[in-house]
2 protein chains.
Amino acid sequence: MANGTEHTVKAFDDDIVELRGLISEMGGRAEAAIADAMQALVRHDLAAAETVVEEDKRIDELEGQIERLAVRIIALRAPMADDLREVVAALKIASVIERIGDYAKNIAKRTAQIGGPHKIDALAMLPAMAAIAAEMVHDVLDAFAARDWQLALRVSERDRAVDDFYNSIFRTLVTFMMENPATIGQAAHLLFVAKNLERIGDHATNVAEMVYFAAKGTYMAERDRGEDAIGTEA
Amino acid sequence: MANGTEHTVKAFDDDIVELRGLISEMGGRAEAAIADAMQALVRHDLAAAETVVEEDKRIDELEGQIERLAVRIIALRAPMADDLREVVAALKIASVIERIGDYAKNIAKRTAQIGGPHKIDALAMLPAMAAIAAEMVHDVLDAFAARDWQLALRVSERDRAVDDFYNSIFRTLVTFMMENPATIGQAAHLLFVAKNLERIGDHATNVAEMVYFAAKGTYMAERDRGEDAIGTEA
């Protein structure tokens with residue numbers, strides 16, 4: 001009997017290790033997609049942009065794999081309490097990473113729309129904003145793996161910097177558009193790029209909240225974290 | 001023994017009825033939020049916009065309730081195969097509806113930013129676009145409740161109309177901005193409103209794909225459904 005239980009526990013642990021490995025791979029790919037999409041955009045590299053779009057399929061496939069594995073774990077191992085919550089959390093995190101991958105893909109797709117060399121002021125701010133967003137994704141998955149609520153808290157705090165970038169880029173772009181009406185089409189796409197990065201920060205923050213809650217059993221403080229910023233007018 | 005099984009089946013069915021009821025309530029609220037947000041925006045009604053923002057909290061709470069109920073069903077009833085898939089589908093659909101509610105909230109929040117009476121051409125197209133998106137949300141939840149793959153297919157087909165609206169509004173807004181640089185700040189917010197509606201259509205389509213797959217066991221045809229549209233330049 002003790003042996004049987006041990007066997008079951010071992011099988012469950014193996015499954016969880018596999019599940020975490022898949023989430024870690026998925027997160028690594030999403031993080032890389034953000035950086036690659038931004039580089040493609042800044043360098044106007046259409047081939048690199050196409051690669052990001054193609055590679056997003058692998059991120060989607062990983063979500064499918066995680067879902068199937070989670071359902072199998074639940075069906076075969078019938079995990080209880082904390083174990084079940086971990087499996088459900090993995091499902092939710094996979095769905096958030098899938099969305100982050102979509103945002104990166106969307107940025108890549110705009111490379112062709114934005115077109116050739118451009119001197120739009122706000123463009124210079126985007127890579128720095130993308131770097132913070134990608135780092136948040138990286139760190140929040142580390143926090144999840146290590147159940148590190150302090151790291152999760154630090155990730156959520158960085159969302160303020162991403163929102164500040166967003167508001168600043170929004171204002172810069174609106175001003176730029178007013179002064180250069182001919183570039184409005186290009187600049188409009190950059191508005192969406194900034195928005196996508198802002199949403200990536202929100203999603204990383206949402207995962208941070210989950211990690212925090214799982215570890216501490218209480219919610220992060222009141223202020224609106226992971227909230228869609230509106231952008232303020234110039 | 002037969003009695004025990006019957007009892008379990010009955011308890012599971014009761015749980016599923018409750019789960020579906022919560023999803024239906026959540027969907028109805030999200031659908032209403034889209035219409036209410038659009039009306040608040042068009043009429044520049046700040047109080048109505050505030051109500052949409054407030055009511056979104058209830059949608060978020062419902063997602064939490066659905067998650068807790070789903071986890072309880074899995075833990076207590078240990079559903080197998082199709083039943084387990086239904087519970088997992090409910091979890092996923094709740095997360096999609098939560099996002100749809102967020103898009104409606106985001107539209108409402110822009111009411112204040114867009115400001116007083118405005119005569120931006122594209123504004124006239126937005127309510128019609130919002131009506132289609134809200135109807136897609138309505139119908140896809142009916143399709144889920146009735147496991148009606150044909151209705152799900154019709155929902156996904158309507159996504160093309162939403163994408164066409166989006167591309168048309170994008171072009172109209174960019175042109176308008178070029179001709180009226182003073183309105184660029186307002187018009188930029190309307191770009192995001194159109195984008196939010198386009199995303200609502202995508203999410204309804206994603207649910208339609210889930211319903212279709214659950215009923216037919218095969219995926220909907222090849223063309224990219226539920227895909228983020230980029231918008232083309234004027």
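Residues numbered from 1 in each chain as written. Chains lettered and ligands numbered in written order. Predicted model: local features only at pLDDT ≥ 70, side-chain atom pairs only at ≥ 80, totals over all residues. Heavy atoms only, no water.

> Can you lay out the environment of Arg20(A) for me, pointing to particular residues and giving the numbers?
Residue and element names in this part refer to chain A. Looking at the element boundaries, Arg20 is found in helix α1 (residues 2-43). Its relative accessible area of 25% is what places Arg20 among the partly exposed residues. Separated by 124 residues in the primary sequence, Arg20 and Phe144 have C-alpha atoms spaced 9.2 Å apart. Among all residues touching Arg20, those that are not within four sequence positions of it are Glu86, Ala145 and Arg147. From its side chain, Arg20 meets the backbone oxygen of Ala145 in a polar contact 3.4 Å long. (Helix = DSSP H or I, 4+ residues; strand = E, 2+ residues; numbered from the N terminus. Buried < 20%, exposed > 50% of the residue type's maximum accessible area, 1.4 Å probe, protein only. Contact = heavy atoms within 4.5 Å. Polar contact = N/O pair within 3.5 Å; in protein donor to acceptor, adjacent residues only side chain to side chain.)

> An account of the packing of helix α4 (residues 126-146) of chain A against helix α6 (residues 184-216) of chain A is needed here, citing residue identities and associated values.
Residue and element names in this part refer to chain A. Taken N-terminus to C-terminus, the directions of α4 and α6 make an angle of 20°; their axes are 9 Å apart at the nearest point. It follows that α4 is roughly parallel to α6 by the angle criterion. In this structure, α4 crosses over α6, and the sense of that crossing is left-handed. Residues Leu126, Met129, Ala130, Ala133, Met136, Val137, Val140, Ala143 and Phe144 of α4 pack against Leu190, Val193, Ala194, Leu197, Glu198, Ile200, Gly201, Ala204, Thr205, Val207, Ala208 and Val211 of α6. (Axes fitted to C-alpha atoms, helices over the stretch in contact; angles between N-to-C directions. Parallel < 35°, antiparallel > 145°, perpendicular 65-115°, else oblique. Left-handed = near helix turned anticlockwise from the far one by under 90°.)

> Any chance you could break down the interface of chain B and chain A for me, citing the residues and the numbers?
At the interface, 40 residues of chain B touch 40 residues of chain A. For the pair chain B and chain A, the summed buried surface comes to about 3,600 Å²; carbon and sulfur atoms form 62% of the total. Looking at the side of chain B that touches chain A, the elements that each hand over two or more residues are α2 (46-77), α3 (81-114), α5 (149-179) and α6 (184-216) of chain B. Looking at the side of chain B that touches chain A, the element that brings in the most residues is α3(B), giving 12 residues. Tallied by class, the residues present in the side of chain B that touches chain A amount to 21 nonpolar, 8 polar and 11 charged. (Buried area = accessible area lost by both parts, 1.4 Å probe. Nonpolar A, V, L, I, M, F, W, Y, C, P; charged D, E, K, R; others polar.)

> Go over the relation of the copies chain B and chain A with me, naming the residues and quoting the values.
Overlaying chain B with chain A gives an RMSD of 0.0 Å, the required rotation being 180° about an axis along which the chain moves by 0.0 Å. The relationship between the two copies is best expressed as a two-fold rotation axis. Take the interface residues of chain B: 100% of them recur as interface residues in chain A, which is what a same-surface contact looks like. (Least-squares fit on C-alpha atoms with pLDDT ≥ 70 in both.)

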